[in-house]
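Below are the chains, spelled out letter by letter.
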Amino acid sequence: ADGGDAELELSTVRHQPEGLEQLLAQTKFTKKELQSLYRGFKNECPSGLVDEETFKLIYSQFFPQGDASTYAHFLFDAFDADRNGALCFQDFVVGLSVLLRGTVHQKLKWAFNLYDINKDGYITKEEMLEIMKSIYDMMGRCTHPTLRDSAPAEHVELFFQKMDRNGDGVVTFEEFLETCQKVSQLQRGLRRHRHPP
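This one's a predicted model, so the numbers in the text were calculated from it and none came from an experiment.

Draft legend 1. Representation of the pattern of salt bridges in the model. Tallied over the full model, the rule gives 6 salt bridges. For the salt bridge of R165 with E178, the shortest nitrogen-to-oxygen distance reads 3.5 Å. Residue R165 is found in the loop between α9 (151-163) and β4 (170-172), and its partner E178 is found in helix α10 (residues 173-194); the two are separated by 13 residues along the sequence. Two residues, K182 and E178, come together in a salt bridge whose shortest N-O distance is 3.4 Å. Separated by 4 residues within a single helix, K182 and E178 lie in helix α10, roughly one turn from each other.

Right, dumping it as structure tokens:
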């Protein structure tokens, strides 16, 4: 089939008015990559939509040693940009593009959105603790050495000591971004020190 047929198929089967050209503009994937991703998506999800339960089932296969369902719920919410309770190909591929090929700023914005569970523009200790617990649950009891039950709360305390610049009990995107950039600069400096040009 020629490109026109593939484009028509992409827009009609996906139940979305946006076509291939719009996805090319929205993502950092090539036309061939988008077509390949679309074939894989349609193969796994013939209806063109993935609900949260299906997403959890697929995601859990990657973490058989633990319970990934809660983390998968948060991840699903982060991918479901239009908040309609289902992932279409566009939701999936736009999120994937950010994670794989986005700028540092775009990746950090995506990560912030994942942690900001209620999407109010702030990360609270409670939200961070929910995410941390879900990550520890997903990793299961097979971590070495075995982690104490207090490990997620300790992790959150350290996170807030570093991130909550003004001590108001919440982390804004600006605080999140600033701290992550400082850590990144420090790491680059350490690498240069160990491996001079």
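Draft legend 2. Just helix α4 (residues 52-60), in detail. Among all positions in α4, only E52, F55, K56 and Y59 are buried. Here the buried residues of α4 occupy an arc of 100° about the axis, which is enough to place them on one side. Along α4, the residues that are exposed and aim more than 90 degrees away from the buried face are E53 and L57. Summarising the contacts, the buried residues of α4 are in contact with β1 (49-51), α5 (69-79), β2 (86-88) and α8 (125-139).

Draft legend 3. Up close: the environment of L57. Its location among the elements puts L57 in helix α4. Counting along the chain gives 11 residues from L57 to A68, while the straight-line C-alpha distance between them is 9.1 Å.

Criteria and cut-off values
Residues numbered from 1 in each chain as written. Predicted model: local features only at pLDDT ≥ 70, side-chain atom pairs only at ≥ 80, totals over all residues. Heavy atoms only, no water. Salt bridge = Lys/Arg side-chain N within 4 Å of Asp/Glu carboxyl O. Helix = DSSP H or I, 4+ residues; strand = E, 2+ residues; numbered from the N terminus. Buried < 20%, exposed > 50% of the residue type's maximum accessible area, 1.4 Å probe, protein only. Arc of directions from axis to C-beta. Contact = heavy atoms within 4.5 Å.

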